[in-house]
Amino acid sequence: MVNVSEVVAARLRHMGVDRVYGTPGLAVDPLVDALRGAPGGPAFVQARGEESAALMACADAKLTGGLGCCVAPPGAGALRLLGGLYDAAADRAPVLALVGADPAPRGTGSRTVRHLAEVSVYCEEVSGPELAGDALRRAARAAVTDRGVASLVVPRRVLEADLPGAPPGEDGALIPARPARRPAADDVRRAAEALCGAARPAIVLGNAGRAAAGAATGVAQLLGAGIVTTALARDALPDGLPYLAGVAGPLGSEAAATLLRECDTLLLLGAEDVDPAVLPAPRACRTVTVDREPGDCPLAAGVAAVRLTGDVTACLRAVLPLLHRAGQRAWRNRVERLVRDWRADGEARSNRYFGTSVNPRSVVAELSERLPDRSVVVTDSGTALDWWTRHLRLRNGMRSLLSGQLGTPGAAVPYAVAARFAAPDRPVIALVGDGAFQSGGLNELFTVRRHLDRLAQLPPLVFCVLNNGDLNRLTWQRRAAAGDPLVPPSAEVPALPYAELARLAGLPAVRCDRPRFVASVWAGVLAGRGPVVLEFVVDGEMPPDWAEAGAAARGPGRNASRNPLAKLQRVPG
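Report on the accompanying structure. None of the values given here were measured: they were computed from a predicted structure. (Residues numbered from 1 in each chain as written. Predicted model: local features only at pLDDT ≥ 70, side-chain atom pairs only at ≥ 80, totals over all residues. Heavy atoms only, no water.)

Looking at the overall build of the chain
The secondary structure content of the chain amounts to 21 helices and 22 strands. A burial count over the chain gives 57% of its 573 residues as buried. For the chain, the proportion of contacts with a sequence separation of at least 24, taken over those separated by at least 6, is 76%. As displayed, the chain has an accessible area near 22,800 Å², and 52% of this comes from carbon and sulfur atoms. (Helix = DSSP H or I, 4+ residues; strand = E, 2+ residues; numbered from the N terminus. Buried < 20%, exposed > 50% of the residue type's maximum accessible area, 1.4 Å probe, protein only. Contact = heavy atoms within 4.5 Å. Areas by Shrake-Rupley, 256 points an atom, 1.4 Å probe, with all protein chains shown as cover.)

Description of the pattern of salt bridges
Summed over all chains, the structure comprises 32 salt bridges. Linking glutamate 336 and arginine 332 is a salt bridge whose minimum nitrogen-to-oxygen distance equals 3.6 Å. Here arginine 332 and glutamate 336 lie together in helix α12 (residues 330-350), a separation of four residues that amounts to about one turn. The class of glutamate 336 is partly exposed, set by a relative accessible area of 21%. Among the ionic pairs, aspartate 345 bridges to arginine 349, the shortest N-O distance being 2.6 Å. Taken together, the residues span about one helical turn, with aspartate 345 and arginine 349 both in helix α12 at a distance of four residues. For aspartate 345, a relative accessible area of 27% puts it in the partly exposed group. (Salt bridge = Lys/Arg side-chain N within 4 Å of Asp/Glu carboxyl O.)

Some details on the side chain of arginine 473
As for its placement among the helices and strands, arginine 473 is situated in helix α18 (residues 472-482). Sequence-distant contacts of arginine 473, that is, excluding residues within four places in its chain, are made with Leu251, Gly382, Thr383, Leu385, Asp386 and Trp546.

Things to note about the sheet that holds strand β4 (residues 68-72)
The strands making up a sheet are joined through hydrogen bonds of the backbone, oriented either antiparallel or parallel. In spatial order, the strands read β3-β2-β4-β5-β7-β6; together these six strands make up an open sheet with parallel pairing. Two strands bound the open sheet, and with one partner strand each, they are β3 (43-46) and β6 (120-125). Put simply, the sheet's adjacent strands are angled 20° from each other on average, direction ignored. Summarising the sheet, β6 and strand β7 (residues 149-154) pair through five bridges and their orientation is parallel. Its bridge partner lying in β7, tyrosine 122 is registered against alanine 150. (Pairing = 2+ DSSP bridges. Axes fitted to C-alpha atoms, helices over the stretch in contact; angles between N-to-C directions.)

Remarks on the sheet that holds strand β19 (residues 461-467)
Reading across from one edge, β17-β16-β18-β19-β21-β20 is the order of the six strands in this open sheet, with parallel pairing throughout. Each having just a single partner strand, β17 (399-401) and β20 (509-512) make up the two edges of the open sheet. Adjacent strand axes in the sheet meet at a mean angle of 15°, parallel and antiparallel pairs treated alike. Helix α15 (residues 412-422) rests against β16 (376-379), β17, β18 (428-433) and β19 of the sheet, and its axis sits at about 175° to β18. Each of β18, β19, β20 and β21 (531-537) touches helix α20 (residues 518-527); the most contacted strand, β21, lies at about 170° to it.

So, a nonpolar patch on the surface
A cluster of nonpolar side chains, Leu496, Leu501 and Leu504, forms an exposed patch at the surface whose accessible area comes to about 270 Å². By the element assignment, leucine 496 lies in the loop between α18 and α19 (498-504). (Patch = residues over 30% accessible without salt bridge, like charges linked within 9 Å, V, L, I, M, F, W, Y side chains within 5 Å.)

Regarding helix α3 (residues 50-64)
Between its terminal C-alpha atoms α3 stretches 21 Å, which fits the 21 Å expected from 15 residues at 1.5 Å a residue. When you tally the buried positions in α3, you get 13 out of 15 residues, the bulk of the element. Count one or two residues on from α3 and you reach glycine 65, which has phi positive near 80°. (Expected span 1.5 Å × (residues − 1).)

Some words on the packing of helix α1 (residues 4-14) against helix α2 (residues 29-37)
In contact at an axis separation of 8 Å, α1 and α2 are set at 50° when each is read in the N-to-C sense. The orientation of α1 relative to α2 falls into the category oblique. Here the hand of the crossing between α1 and α2 comes out right-handed. Note on element contacts: α2 touches α1 through Pro30, Leu31, Ala34 and Leu35, opposite Ser5, Glu6, Val8 and Ala9. Grouping the amino acids of the contact of α1 with α2 by side-chain chemistry returns six nonpolar, one polar and one charged. (Parallel < 35°, antiparallel > 145°, perpendicular 65-115°, else oblique. Left-handed = near helix turned anticlockwise from the far one by under 90°. Nonpolar A, V, L, I, M, F, W, Y, C, P; charged D, E, K, R; others polar.)

As for the packing of aromatic side chains
Using the criterion set out here, one finds two aromatic pairs in the structure. Between the aromatic rings of phenylalanine 437 and tyrosine 498, the centroid separation amounts to 5.7 Å while the plane-to-plane angle is 70°, which identifies the pairing as edge-to-face. Of this pair, phenylalanine 437 sits in helix α16 (residues 434-450) while tyrosine 498 sits in helix α19, and the two are 61 residues apart along the sequence. Plain terms: the ring middles of tryptophan 522 and phenylalanine 536 are 5.8 Å apart, the flat faces sit at 40° to each other, and that makes the pair tilted. A residue pair is termed long-range when its members are at least 10 positions apart, and tryptophan 522 in helix α20 and phenylalanine 536 in strand β21 qualify at 14 residues. (Phe/Tyr/Trp six-rings, centres within 6.5 Å; stacked < 30°, edge-to-face > 60°.)

Brief notes about the pairing of β7
Moving residue by residue along a regular strand, the side chains alternate between the two faces of the sheet. A large share of β7 lies buried, amounting to six of its six residues. Here β7 shows a buried face lined by Val149, Ser151 and Val153 and a second buried face lined by Ala150, Leu152 and Val154. Strand direction decides the pairing type here: strand β5 (residues 95-100) and β7, joined by six bridges, are parallel. Residue pairing across strands places leucine 96 opposite alanine 150, the latter belonging to β7. Tracing the backbone out of β6, into helix α6 (residues 132-146) and back to the parallel element β7 gives a crossover that is right-handed. (Right-handed = clockwise from strand over helix to strand, strands pointing away.)

Topic: the side chain of threonine 217
Topologically, threonine 217 is positioned in helix α9 (residues 213-223). Among the polar contacts made by the side chain of threonine 217, one reaches the main-chain carbonyl oxygen of glycine 214 at a distance of 2.6 Å. Not counting residues up to four positions away in its chain, the partners in contact with threonine 217 are Ile227, Leu237, Leu241 and Tyr243. (Polar contact = N/O pair within 3.5 Å; in protein donor to acceptor, adjacent residues only side chain to side chain.)

Next comes the structure, spelled out in structure tokens:
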């Protein structure tokens, strides 16, 4: 005889789940105990809060490509879980949420089910122990095939009930992949005709098309096209490609924005996560979309487009033999000059500074120069995302993680913790602003401290905190809207000594507030092992590209003579 919790733990492992992130509680303690005690079962990683647990499960799914899993008690625990689950739903990451059941008034149904149903592609309350196995299998399949959140609400009486019959591992079937669609021959022909007629082609590679990155470069070489990626697909291609123009987004790469503005033919590959606002206006260019499912790509209704539906790689391989090499390379030359100039400008900006303050751009630029092979770089929202977009250069084999569509503040620390458990052999670096760090990130340092004995022997896990005493992106958005870069800081963050706090928590920490030491500090930290908090005291008056471009477009204002951009200097050698 085994109980339901033991069966769930065993079947999760058979489904490829190696870690379950969560918080304990009376309603889910039988499952937590089974996860902790199951030989060969999934490891249980206790988070400091339910939202962090869901964010960890989301990051695990994004990094591994498998099923993420989290556990939470009902009531307030389920409500706090929702923040992280919405992150997974927005980025279409497969996450299974196992939540305890709360007492419900007769006839009204479970409040927990009602809350979870809004964010889930599948949601079910398990009413009896004999139903638990089938419900688990259905939920896991829904999460993987529909690429979203699947929720199971399981009462404690079910979790601790005995289940006669099969041993725990039996019938723990692996989750089958959905068969890939084959594109229609007529659509393939029409797509090839549209692409062959392009004079200025551009490719947008999205998260759902990351597996087709190699085929995308083949198309780009034939057509002489430039490529941009979405933020979630940032690591699908190495940044060394001379025709890769960075990240497309409202506050993304200026090179990407120019490429999309000037192209006459646009190929969207699994670009379900692209912001429609960055795409050319309807009917401004020919558009070819390739998506796994109909309607994935968020193109506005009425846009003339050729649509291929199916496995993105298979679709591109079907189109490639029908393409002709472009005879004129003027557009490709234009794209490569654009990328070259954009990168050179970024290097120049990273070498500027105000007096003795650390330029936050230089923090990411110096990291980029020293990134170990196979690193995982996590970024938070805020200006950390701006510097990650602008100055980070990833090589083959490196990965990047972020909360893409939702931009959850404070997600970088739980993401990095999950990346450490999911990829113990990779260096992990998290870039996080001080405001985001205070928004939950500090709490998860205690999760790291709890596992310090084991983590200390692994490659570096670096929490890089950009301390500027401000919610800096919000401040620059307000300044840009006001047309005046000298609007007083409007989102101040309480001053905290982050390195000292980390040491009090029992973690190694380094603080740097001098520009000349940025490179050597990174070199020392990345040469070490285990977790470390790295605090850079950076200049909040360094504007992101989009804020500076907006100010330049408006021309000199009433404070032009006092504009801090005028006193930029070179970092001393």
